[in-house]
Amino acid sequence: MKRLNGIHLPVKKRTEDKQITPLPLPKTVRIPMLMHSGSPCVPIVSAGDHVDVGQLIGRAEASDAVPVHSSVSGTVRRIIRYELPSGQTVPCAEIETCETQLLADTCIPPVINTKQDLIDAARESGCVGLGGDGSLTFQKLSTNHPVQMLIVNGAECETRLSADGRLMLEAPEQIIGGIELVTKLLKIRETRIGVRRNRPAAIQQLLNAAANSRNITVCPLPSDYPQGAEKVLIFHTAGIAVPDGQTPEELGILVLNVSTLAFLYQYSQTGIPLVERVVTVDGDAVTKPCNLRVPIGTPVTDLLDYAACEPDRIHQLLCGGEMMGECITFRASVVKTQNGLIASNTVKTYEESACIRCGRCMNACPLSLMPVSLDKAYQQRDVNQLKALRVDLCMNCGCCTYVCTAKRPLAETIQSAKALLA
Amino acid sequence: MGKLNDSASPHLRGNASVTRIMLCVILALLPAAITGCLNYGRHAALVLLVTVSAAVLFDFFSGLVFKRINCVKDMSAAVTGLLLGMCLPPDFPLWKAAIGSFLAIVAVKQAFGGIGKNIANPAAAAWIMLLLVFHKDMTTWRIPMTETIVSSAQPLSGSVGYWDLLFGSTAGNIGETCAAGLILGGIFLCLCGITSPAAPVGFLGSFALLSWIGGFDVPEQLLTGAVMIGAFFFANDYTTTPLTKSGKFLFGTGCGVLTFLIRHYGGFSDGTLIAVAAMNLFTPMLDRLTAPVPFGAVRKKKTKKSKKQETAAA
């Protein structure tokens, strides 16, 4: 089978053998009302209110939103404005934790018997795509097209991140449980789990856990970056190229992340909504790299303290991996979509020079675009040429910038070019 | 807590750079260049020294005049100078060699916008200009280790064996006669992933095929003149050759065909660099013809129905 282009990233998985450990309870948490792609929630608590773990604090009023729950027991101090990496400001509940952590009495295992039950549960649990994209899981599940195949994303192709990898090693039965829940209710015949070839232990664990389930196959993926990108994953697991203008749903394909499935399974058992997640803490500034289970809304500085990382030495903080992560500040909290926290003490700056047409960007682009020509067309503000070169297909994986010998910020330029068309 | 960096993704870069690539190309050229200097003596070394240093100097001054950063640092001028020098006869007058570097760097490269923007290979285009302007000097060669002057072109000299052609003990241009060194350098660049084998395969393949059909001695045809340096270095220049593999192959094939035509039906004894410069002009067209189809992009195919509708409308 043909393989899509990609790049080989240096292996920097220092945390691959670090067991998931819970972070000690933070003193305060700040929970933003927007941690998914869609509209923000409306806070329904105010200063002085007492909340418990799993209690609803942000109501989803828009159709493209999922509710936000408190991740701790404590007292709401105030509702503040929180600035997201995108620049958007949203309301945010600041909660001071108390010593005894109690589960809210609304947390009861849901009854899930039909597809609609599952969709409702996914929505009420506040579930989003935990791989990092923040897509609304309930929207994915409520597809009107008959789903032929469930593709499970266990690629985790970014450098340094190992949160999903640890989950596959430590709790493969939760992932399989989630798969069975979804496939049963959506009447999906076939499931394919994509895991990169350089993670044989995770593949073995999943195979063992799926030994009794039929129709689940584990597909070893190339060890290149990017493998977790939806189009690339679908092609490398199912051999299907999603045509432009169509969504995977229209082709009868549902793609969910391993962590999302494991969460859905846990929710179906316990009824505790999405109030914690696993975050990989790593980077050159981190002396004790680790995988932490943290309450949503924990200030990132708490994670850095735990990982023995002096804030003074940090020059860059990333939410996510080094290839697609976003720069954040010390004021940021852990959000639902955050799979990694990377702290660097060195930030290299590169002097960009003229393109020499070496063509490496073309050979690296998974989608066979021509970044070299896009860059030139953008410089000339040639909208027609940009359209002809299909700038709209770019998924900002960053491979072109990574390989550029003239150190041109190609991916960034292409995003600006996209904005030019809009 | 200091101020944190805020930049767009990706936050990780590979370590390939233009300078590193150019250094590798120089390294790949060295075996043939050194053998040339050893075979033809002191003056050959001086020619290379002059072309390289003049190219670097002219690049530096053009950088000042055109206000371009990164001019000398990227080492591309040194590569151009070395390539040009290697395609000159060993006894070529030094001041004329310096003019060659001027033409390559200032007229062909910087005047068109600097590195990456020139339409023809600077060394090849400058070589053609030198051939036309200083025709006599450009066609006077010397048998290595001797003072015997020959003005006949190497492919016609006839009496030398393949071994001599491989290791450069024949009359010819400084860096062109050691075919073994050039092949070695070319393979090194392919293995490093700096160049793709597509262009050399197309070039040497089409040239060998035509020579065989024409009834010529194929190995001799391949090992003489600038065929090897042309196929492995000139036809692999990034800026002036197509981006895609299929484009590179077509480019190389075109070079092979033109080289054959010039050598056997043209007025010049060796037209490899003329062929390369001519094919350089086809690069934008080949790029457009061979552009990859983006993954998942739906090509609008004309079905019979839509064709019928179109004709009906017309």
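Residues numbered from 1 in each chain as written. Chains lettered and ligands numbered in written order. Predicted model: local features only at pLDDT ≥ 70, side-chain atom pairs only at ≥ 80, totals over all residues. Heavy atoms only, no water.

## Things to note about the environment of Gln148(A)
Residue and element names in this part refer to chain A.
Here's step 1: Summarising the element assignment, Gln148 is placed in the loop between α2 (137–141) and β9 (149–154).
Here's step 2: The sequence separation of Gln148 and Arg390 amounts to 242 residues, and the corresponding C-alpha distance is 29 Å.
Here's step 3: In this view, Gln148 contacts Ile188, Arg189, Glu190, Leu251 and Gly252; residues no more than four positions away in its chain are not counted. (Helix = DSSP H or I, 4+ residues; strand = E, 2+ residues; numbered from the N terminus. Contact = heavy atoms within 4.5 Å.)

## Let's talk about the packing of helix α10 (residues 198–213) of chain B against helix α13 (residues 245–265) of chain B
All names here are of chain B.
Here's step 1: At a minimum axis distance of 7 Å, the contact between α10 and α13 shows a crossing angle of 35°. As α10 packs across α13, the resulting crossing turns out to be right-handed. Contacts from Ala198, Ala199, Val201, Gly202, Phe203, Ser206, Phe207, Leu210 and Ser211 in α10 reach Lys245, Lys248, Phe249, Gly252, Thr253, Cys255, Gly256, Val257, Thr259, Phe260 and Arg263 in α13.
Here's step 2: For the contact of α10 with α13, the per-class residue count stands at 10 nonpolar, 7 polar and 3 charged. (Axes fitted to C-alpha atoms, helices over the stretch in contact; angles between N-to-C directions. Left-handed = near helix turned anticlockwise from the far one by under 90°. Nonpolar A, V, L, I, M, F, W, Y, C, P; charged D, E, K, R; others polar.)

## What to know about a nonpolar patch on the surface
Here's step 1: A cluster of nonpolar side chains, namely Leu57(B), Phe60(B), Phe61(B), Leu64(B), Val65(B) and Phe66(B), defines an oily patch on the protein surface of about 600 Å² accessible area.
Here's step 2: By secondary structure assignment, the location of Leu64(B) is in helix α2 (residues 42–66). (Patch = residues over 30% accessible without salt bridge, like charges linked within 9 Å, V, L, I, M, F, W, Y side chains within 5 Å. Areas by Shrake-Rupley, 256 points an atom, 1.4 Å probe, with all protein chains shown as cover. Salt bridge = Lys/Arg side-chain N within 4 Å of Asp/Glu carboxyl O.)

## Some points on the layout of surface pockets
Here's step 1: What the second largest pocket holds in volume is close to 1200 Å³.
Here's step 2: Listed by contribution, the elements that provide at least two residues to the lining of the second largest pocket are α10 (371–379) and α11 (383–388) of chain A together with α15 (283–289) of chain B.
Here's step 3: The element contributing the most residues to the lining of the second largest pocket is α10(A), with 6 residues.
Here's step 4: Looking at the lining of the second largest pocket residue by residue, the class counts come to 18 nonpolar, 11 polar and 10 charged. (1 Å grid on protein atoms, 1.4 Å probe; cavity = no way out; pocket = protein on both sides within 12 Å on 5 of 7 lines; lining within 4 Å. Points joined across faces, edges and corners; volume = space filled by probe spheres on them.)

## As for the interface of chain A and chain B
Here's step 1: The interface is formed by 60 residues belonging to chain A together with 43 residues belonging to chain B.
Here's step 2: Each partner contributes to the roughly 4100 Å² buried at the junction of chain A and chain B, and carbon and sulfur atoms together form 62% of this total.
Here's step 3: Area buried by chain A at its contact with chain B is led by Ile356(A), Arg357(A) and Tyr402(A), which between them contribute 17% of it.
Here's step 4: Taken together, chain A and chain B are joined by 2 salt bridges.
Here's step 5: Across the salt bridge formed by Glu351(A) and Lys73(B), the nearest N and O atoms sit 3.1 Å from each other.
Here's step 6: Across the contact surface, chain A and chain B share 17 residue pairs in polar contact (both at pLDDT 80 or more).
Here's step 7: Going through the elements one at a time, α6 (230–238), β15 (316–319), β16 (326–328), α9 (360–364), α12 (399–403) and α13 (410–421) of chain A are the ones with two or more residues in the side of chain A that touches chain B. (Buried area = accessible area lost by both parts, 1.4 Å probe. Polar contact = N/O pair within 3.5 Å; in protein donor to acceptor, adjacent residues only side chain to side chain.)

## Quick word on unusual backbone geometry
Here's step 1: Cis geometry marks the peptide bond from Tyr225(A) to Pro226(A); its omega dihedral reads -10°.
Here's step 2: If you trace the backbone, Pro226(A) turns up in the loop between β11 (216–221) and α6.
Here's step 3: Omega for the peptide link from Ser9(B) to Pro10(B) comes to -5°, which places this bond in the cis form.
Here's step 4: Here Pro10(B) shows up in the segment before α1 (18–40).
Here's step 5: In this structure, Arg381(A) takes a positive phi of about 50° despite not being glycine.
Here's step 6: Tracing the backbone through its elements, the reader meets Arg381(A) in the loop between α10 and α11.
Here's step 7: Judged by relative accessible area, which is 46%, Arg381(A) ranks as partly exposed.
Here's step 8: In the Ramachandran plot, Met75(B) falls in the positive-phi region, its phi being about 70° despite a non-glycine side chain.
Here's step 9: Along the chain, the position of Met75(B) falls in the loop between α2 and α3 (76–86).
Here's step 10: For Met75(B), a relative accessible area of 25% translates into the label partly exposed. (Buried < 20%, exposed > 50% of the residue type's maximum accessible area, 1.4 Å probe, protein only.)

## Focus: empty space enclosed by the protein
All names here are of chain B.
Here's step 1: Applying the stated criterion to the full structure yields 5 cavities of 30 Å³ or more.
Here's step 2: One number sums up the size of the largest cavity: a volume of about 340 Å³.
Here's step 3: What lines the largest cavity is a set of 22 residues, among which Met22, Val79, Leu83, Asp237 and Tyr238 lie closest to the centre.
Here's step 4: Broken down by secondary-structure element, the contributors of at least two residues to the lining of the largest cavity are α1, α3 and α5 (122–133).
Here's step 5: Tallied by class, residues from the lining of the largest cavity come to 12 nonpolar, 8 polar and 2 charged.

## Section: the nonpolar core
Here's step 1: Counting 105 residues, the largest nonpolar core has Met86(B), Trp127(B), Ile229(B), Phe233(B) and Phe234(B) as the members making the most contacts within it.
Here's step 2: Here this core spans two domains, and each of domain 1 (115–270) and domain 2 (360–421) of chain A adds at least three residues to it.
Here's step 3: Not counting the four nearest positions on each side in its chain, Phe233(B) is found in contact with Val25(B), Ala28(B), Leu29(B), Leu83(B), Leu182(B), Gly185(B), Gly186(B), Leu189(B) and Met228(B).
Here's step 4: Judged by nonpolar contacts, the second largest core, of 43 residues, contains Val66(A), Val128(A), Ile216(A) and Phe263(A). (Core = buried A, V, L, I, M, F, W, Y, C linked by side-chain atoms within 4.5 Å. Domains from an automatic or database assignment.)

## Structural notes on the sheet that holds β16(A)
Adjacent strands of a sheet pair through backbone hydrogen bonds, lying either parallel or antiparallel.
Residues and elements named next belong to chain A.
Here's step 1: The mixed open sheet is built from 6 strands, whose spatial order is β1-β14-β13-β17-β15-β16. Here the strands that pair on one side only, and so sit at the sheet edges, are β1 (20–22) and β16. Between one strand and the next, the sheet's axes are offset by a mean angle of 35°, whatever the strand orientation. (Pairing = 2+ DSSP bridges.)

## Remarks on helix α3 (residues 163–170) of chain A
Owing to its 3.6 residues per turn, the α-helix aligns residues three or four sequence positions apart on the same side.
Here's step 1: The element α3(A) is extensively covered by neighbouring structure, given that 6 of its 8 residues are classed as buried.
Here's step 2: For α3(A), the full list of buried residues reads Ala163(A), Asp164(A), Gly165(A), Arg166(A), Leu167(A) and Met168(A).

## Some thoughts on the pairing of strand β8 (residues 89–97) of chain A
Regular strands place their side chains on alternate faces of the sheet.
Residues and elements named next belong to chain A.
Here's step 1: Counting buried positions along β8 gives 7 out of 9 residues, so the element sits mostly inside the fold.
Here's step 2: Relative to β8, strand β2 (residues 28–32) is paired through 5 bridges, and the arrangement is antiparallel. Within the sheet, the bridge partner assigned to Pro32 lies in β8 and is Cys92.
Here's step 3: Sheet analysis places strand β7 (residues 74–83) next to β8, joined by 9 bridges and oriented antiparallel. Opposite Arg78, over in β8, you have Glu94 as the bridge partner.
Here's step 4: Linking β7 to β8, which pair antiparallel, is a turn of 5 residues; within it Gly87 sits at a positive phi near 105°.

## Observations concerning the domain arrangement of chain A
Residue and element names in this part refer to chain A.
Here's step 1: Domain parsing of chain A yields domain 1 (115–270) and domain 2 (360–421).
Here's step 2: When each unit is reduced to the centre of its C-alpha atoms, the spacing between domain 1 and domain 2 is 29 Å.
Here's step 3: Across the contact, 6 residues belong to domain 1 and 7 residues belong to domain 2.
Here's step 4: When the two sides are added together, the surface that domain 1 and domain 2 hide from each other amounts to roughly 500 Å², 68% of it contributed by carbon and sulfur.
Here's step 5: By the criterion of area lost to domain 2, the three top residues of domain 1 are Tyr225, Lys231 and Asp244, representing 65% of everything that side buries.
Here's step 6: In this assembly, domain 1 and domain 2 are joined by 1 salt bridge.
Here's step 7: Applying the counting criterion to the domain 1 and domain 2 interface returns 2 residue pairs in polar contact (both at pLDDT 80 or more).

## As for the packing of aromatic side chains
Here's step 1: Tallied over the full model, the rule gives 10 aromatic pairs over all chains.
Here's step 2: On the numbers, 5.1 Å between centres and 80° between planes, the contact of Phe235(A) with Phe295(B) is edge-to-face. With Phe235(A) in helix α6 and Phe295(B) in the loop between α15 and α16 (304–313), this residue pair bridges two chains. This pair shows no difference in class: Phe235(A) is buried, exactly as Phe295(B) is.
Here's step 3: Taken together through their ring pairs, the aromatic side chains of Phe207(B), Phe216(B), Phe260(B) and Tyr265(B) make up a single cluster.
Here's step 4: Here the basic side chain of Lys288(A) rests over the ring of Tyr306(A), its NZ or CZ set 4.5 Å away from the ring centre.
Here's step 5: Positioned over the ring face of Tyr378(A) is Arg381(A), at 4.2 Å from the centre of the ring. (Phe/Tyr/Trp six-rings, centres within 6.5 Å; stacked < 30°, edge-to-face > 60°. Lys NZ or Arg CZ within 6 Å of the ring centre and 35° of its normal.)

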